[in-house]
Amino acid sequence: MKLICIGRNYTDHIKELENEKPTDPVVFIKADNAVLLKKQPFFIPDFSNDVHHEVEVLIKITKLGKHIDKKFAHRYYNEIGLGIDFTARDLQKQLKEKGLPWEKAKSFDGAAVIGNWLPKSDFEDLNAINFSLKKNNEVVQSANTNLMLWKIDELIEYVSKYFTLKIGDVIFTGTPAGVGKVVANDKLTGYIEDKELFSINIK
Ligand code: ZN
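All residue numbers here refer to positions counted from 1 along the written sequence of the relevant chain. With the structure being a predicted model, the display of local features is reserved for residues of pLDDT at least 70 and the display and counting of side-chain atom pairs for 80 or more, all residues being used for whole-chain, interface and lining totals. Heavy atoms from the whole structure form the basis of all side-chain values; hydrogens and water molecules are not counted.

1. Examining the sheet that holds strand E12 (residues 187-192)
By definition, the strands of a sheet pair up through backbone hydrogen bonds, in either a parallel or an antiparallel sense. Should DSSP find at least two bridges between two strands, the strands are taken to pair. A run of DSSP states H or I qualifies as a helix once it reaches four residues; a run of E qualifies as a strand once it reaches two. Both are numbered from the N-terminal end. Spatial strand order, E9-E8-E12-E13: four strands in an open sheet with antiparallel pairing. Of all strands in the sheet, those bounded by a partner on one side alone are strand E9 (138-144) and strand E13 (195-201). The average angle at which neighbouring strand axes cross in this sheet is 15 degrees, direction not considered. Across six bridges, E12 lies against E13 in antiparallel orientation. Along E13, the bridge assignment pairs Thr189 with Ser199. Angles run from 0 to 180 degrees between N-to-C directions of axes, and those axes are lines fitted to C-alpha atoms, restricted for helices to the stretch in contact.

2. Here's the deal with the coordination of the zinc ion
Working reference: metal with six octahedral donors, ideal angles 90 or 180 degrees; metal with four tetrahedral donors, ideal angle 109.5 degrees. Within the protein, the atoms that donate to the zinc ion are Glu54 (OE), Glu56 (OE) and Asp85 (OD), at distances of 1.9 to 2.1 Å. Sites may look incomplete because water is not among the atoms; the donors themselves are N, O and S atoms within 2.8 Å of the metal, or within 3.2 Å for Na, K and Ca. In primary sequence terms, the donor set of the zinc ion follows E-x1-E-x28-D. On the basis of relative accessibility, which here comes to 0%, the residue Glu56 falls in the buried class. Burial status follows relative accessibility: with a 1.4 Å probe on protein chains alone, a residue under 20% of its type maximum counts as buried, one over 50% as exposed, and anything between as partly exposed.

3. A look at empty space enclosed by the protein
In this approach the atoms are scanned with a rolling probe the size of a water molecule, which exposes any empty space left behind. Cavities and pockets are defined on a 1 Å grid built over the protein atoms alone: a cavity is a set of grid points where a 1.4 Å probe fits but cannot escape, while a pocket is an open set with protein on both sides within 12 Å along at least five of seven lines, and lining residues are those with an atom within 4 Å of any such point. Grid points are joined across faces, edges and corners, and a volume is the space filled by probe spheres set on the points. Following the criterion strictly, the structure yields one cavity of 30 Å³ or more and no others. In this model, the largest cavity occupies a volume close to 110 Å³. Forming the walls of the largest cavity are 16 residues, and the residues nearest its centre are Gly7, Arg8, His13, Glu54 and Lys106. Mapped by element, the contributors of at least two residues to the lining of the largest cavity are strand E1 (3-7) and helix H2 (89-97). In terms of residues, the lining of the largest cavity owes the most to one element, H2, which gives three residues. Residues are grouped as follows: nonpolar covers Ala, Val, Leu, Ile, Met, Phe, Trp, Tyr, Cys and Pro; charged covers Asp, Glu, Lys and Arg; every other residue, Gly included, is treated as polar. Here the lining of the largest cavity is built from residues that sort into four nonpolar, six polar and six charged.

4. Regarding the packing of aromatic side chains
What characterises a pair of aromatic rings is the spacing of the ring centres plus the angle enclosed by the ring planes. Classification of ring pairs uses Phe, Tyr and Trp, with its six-membered ring standing for Trp, and accepts pairs whose centres are within 6.5 Å; under 30 degrees between planes counts as stacked, over 60 as edge-to-face, and the remaining range as tilted. In the structure shown here, the tally under the stated rule is seven aromatic pairs. Aromatic pair Phe42 and Phe86: ring centres 3.8 Å apart, planes at 15 degrees, arrangement stacked. With Phe42 in the loop between strand E2 (26-30) and strand E3 (51-53) and Phe86 in the loop between strand E5 (77-85) and strand E6 (87-88), the pair connects residues that are 44 residues apart, well separated along the chain. Overall, the relative accessible area of 1% leaves Phe42 in the buried class. Here Phe86 falls in the buried class, since its relative accessible area comes to 0%. Centre to centre, the rings of Phe42 and Phe108 are 6.2 Å apart; their planes meet at 50 degrees, and the pair counts as tilted. Taken together, the residues span a long stretch of sequence, with Phe42 in the loop between E2 and E3 and Phe108 in the loop between helix H3 (103-106) and strand E7 (112-119) at a distance of 66 residues. Exposure class is identical for Phe42 and Phe108. Each is buried. Across the ring face of Tyr76, the terminal group of Lys63 is positioned such that the distance to the ring centre comes to 4.8 Å. Cation over ring: Lys120 sits above Tyr77, and NZ or CZ is 4.5 Å from the ring centre. Criterion for a charge above a ring: Lys NZ or Arg CZ within 6 Å of the ring centre, and within 35 degrees of the ring normal.

5. So, the side chain of Asn9
Inspection of the secondary structure assignment puts Asn9 in the loop between E1 and helix H1 (11-16). Since its relative accessible area comes to 0%, Asn9 is described here as buried. Throughout, a residue-residue contact means that at least one pair of heavy atoms, one from each residue, lies within 4.5 Å. Non-local contacts of Asn9, meaning those with residues more than four positions away in its chain, are made with Leu147, Met148, Leu149, Trp150, Leu155, Thr173 and Gly174.

6. Observations concerning the layout of surface pockets
Estimated volume of the largest pocket: approximately 290 Å³. As for the largest pocket, its lining consists of 19 residues, of which Lys38, Lys39, Ile114, Gly115 and Asn116 are closest to the centre. Counting only elements with at least two residues in the lining of the largest pocket, the list comes to E7 and E13.

Next up, the structure:
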């Protein structure tokens, strides 16, 4: 199983990191070692002093496919979730500056939180989902999927040009503004609308 992650999919987050607005989605992969096991705390790795939370809406692929047209993309997933793309920002910055791949900053053990899933049928419009992240009970990230530069079905069309989508793969659809550092003893809770989908202790 692979995690296909989208970068810079919300304009406000692009501004925050002073990135250019892309003409194509930024895509990277996290390997399955990155999945944080259920009910486990997240341990800040010793190679970083600046691990950031990025809350993201997730899509779980339920059907094998490649070169999927966006018109048919909805047939390839039944559930919507919420997760965190943990990022060692200091290490990512160093790698970016050298033009090197980001995996060490993005795909380390535990760097992908996958919360509980909700049936797609719970939502009237997938392009109007409110989601948020609380750190120690205070909202730090809050957005709506209508702010995505590339919508869910467009992302499936785009990434499936390059990667065969397999059953169980998860797409991380990008983070909105408000990313920030986590420290030991923080508690992160993620919500779609008013439903809590994960709760993670930082160690
Ligand atoms: Zn991300």
